[in-house]
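Chain by chain, the residues:
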Amino acid sequence: MSTRKLFELDGKVAIVTGASKGIGKAIAESLAEYGAKVVVSSRSQETVDEVANEIKAKGFDAIGIACHVGRDDQRKTLVEKTIAHYGGVDILINNAATNPVYAPLEAIENVIFDKVMDVNVKACFDLAKLCFPSMKERKGGSIINIASVEGMKPTGGLSIYSISKSALIMLTKSQAAEWGKYGIRSNAICPGLIKTKFSEALWSNEMMMKQVNNHLPLRRAAETSEMAGLAVYLSSAAASYTTGAVINSDGGHMLM
Ligand SMILES: NC(=O)c1ccc[n+]([C@@H]2O[C@H](COP(=O)([O-])OP(=O)(O)OC[C@H]3O[C@@H](n4cnc5c(N)ncnc54)[C@H](OP(=O)(O)O)[C@@H]3O)[C@@H](O)[C@H]2O)c1
């Protein structure tokens with residue numbers, strides 16, 4: 001097979017959570033461009049329909065299915081509806097996440113800890129479990145957990161988020177270790193600073209960006225499209241021997 005063909009995702013079914021904007025949207029668009037049938041998901045049906053329609057307008061295959069990943073029943077419905085519509089699941093991109101606080105550890109309420117863990121860790125664990133029977137039956141699958149450099153090196157004030165992303169990295173390795181025998185691969189992408197709504201407080205602050213850029217080897221924040229190629233690669237046969245990997249895409253942040 002030619003190397004170019006290895007990246008093709010024709011006929012594969014992909015669920016992307018948090019795909020109404022930001023990194024998830026860029027990944028959903030790219031997976032569709034490479035031939036996948038894409039389930040665009042986030043909390044609002046209206047916004048996921050908009051993104052799915054944009055993808056379809058380019059001649060690719062997509063459907064919008066709303067799901068708040070923190071809700072057990074909605075996660076189950078997301079996977080059930082995907083299987084009813086497309087017949088199975090091959091690729092799961094656990095991308096949706098939350099970060100409701102910027103505060104020192106001692107000021108963070110337990111209820112916030114639970115909320116972050118529910119959305120950033122438990123949802124990814126459960127969605128993968130829900131997709132597992134279909135992936136096993138299809139004799140393969142690719143799970144991509146969108147973690148963060150924060151999961152390896154904490155910044156003051158983001159502690160609960162960092163803890164959750166660290167747990168997501170270990171979930172990735174556990175999935176890879178236990179499900180490799182079924183042909184199911186699991187890998188984590190750790191973005192650095194990407195220009196999205198999520199990180200706007202940082203990249204829109206000129207003074208802060210000056211400081212960041214002075215140290216960061218690539219001297220800039222990234223666009224969302226710069227995360228998409230890695231997700232296509234990890235989803236595809238080009239990464240057929242890659243599992244349990246934790247890949248930074250961070251402009252060199254982890255060198256600092
Ligand atoms: N941007 C960065 O610098 C950066 C760095 C490292 C890691 N990351 C990670 O990258 C991922 C994507 O972040 P982003 O920067 O692209 O964020 P974003 O632009 O704010 O997009 C977040 C997406 O998640 C959806 N979402 C939020 N809460 C949800 C929930 N409970 N259930 C379902 N969908 C939910 C949002 O849609 P609705 O509001 O419509 O539900 C939206 O589609 C996250 O895992 C984040 O931790 C980002």
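Placed above this text is the structure.
Each value, and the rule that gives it
Residues numbered from 1 in each chain as written. Predicted model: local features only at pLDDT ≥ 70, side-chain atom pairs only at ≥ 80, totals over all residues. Heavy atoms only, no water. Near = heavy atom within 4 Å. Polar contact = N/O pair within 3.5 Å; in protein donor to acceptor, adjacent residues only side chain to side chain. Areas by Shrake-Rupley, 256 points an atom, 1.4 Å probe, with all protein chains shown as cover. Helix = DSSP H or I, 4+ residues; strand = E, 2+ residues; numbered from the N terminus. Nonpolar A, V, L, I, M, F, W, Y, C, P; charged D, E, K, R; others polar. Patch = residues over 30% accessible without salt bridge, like charges linked within 9 Å, V, L, I, M, F, W, Y side chains within 5 Å. Salt bridge = Lys/Arg side-chain N within 4 Å of Asp/Glu carboxyl O. Axes fitted to C-alpha atoms, helices over the stretch in contact; angles between N-to-C directions. Parallel < 35°, antiparallel > 145°, perpendicular 65-115°, else oblique. Left-handed = near helix turned anticlockwise from the far one by under 90°. Contact = heavy atoms within 4.5 Å.

A. Molecular detail of the site of the ligand. Around the ligand sit 28 residues, and of these Ser-20, Arg-43, Asn-95, Tyr-161 and Thr-196 come closest. Note that an oxygen atom of the ligand is positioned 2.7 Å from one of the side-chain N or O atoms of Arg-43. Within the side chain of Ser-199, a nitrogen or oxygen atom sits 3.4 Å from a nitrogen atom of the ligand. Here the ligand has 890 Å² of accessible area as a free molecule, and 92% of this is covered by the chains. When residues of the shell around the ligand are traced back to their parent elements, those giving at least two are α2 (22-33) and α6 (159-179). A per-class count over the shell around the ligand returns 13 nonpolar, 11 polar and four charged.

B. Structural detail: a nonpolar patch on the surface. On the surface, a nonpolar cluster with roughly 270 Å² of combined accessible area is contributed by Leu-105, Phe-113 and Ile-163. Examined against the element boundaries, Ile-163 turns out to sit in helix α6.

C. Spotlight on the packing of α2 against helix α9 (residues 225-235). Two elements in contact, α2 and α9, have axes separated by 8 Å at closest approach and are oriented at 50°. The angle between α2 and α9 places the two elements in the oblique class. Crossing of α2 against α9: the hand is right-handed. Across from Ile-23, Ala-26, Ile-27, Ser-30 and Leu-31 in α2, the residues of α9 making contact are Ser-225, Met-227, Ala-228, Ala-231, Val-232 and Ser-235. Taken together, the residues of the contact of α2 with α9 break down into eight nonpolar, three polar and no charged.

D. Representation of the packing of helix α4 (residues 72-86) against helix α5 (residues 110-137) in the model. Two numbers describe how α4 lies on α5: the axes approach to 10 Å, and their chain directions differ by 30°. Accordingly, the angle class assigned to the pair α4 and α5 is roughly parallel. For the crossing formed where α4 meets α5, the hand is right-handed. In contact with Asp-72, Arg-75, Lys-76, Leu-78, Val-79 and Ile-83 of α4, α5 contributes Lys-122, Ala-123, Asp-126, Leu-127, Leu-130, Cys-131 and Ser-134.

The values are spatial; any link to function lies outside them.
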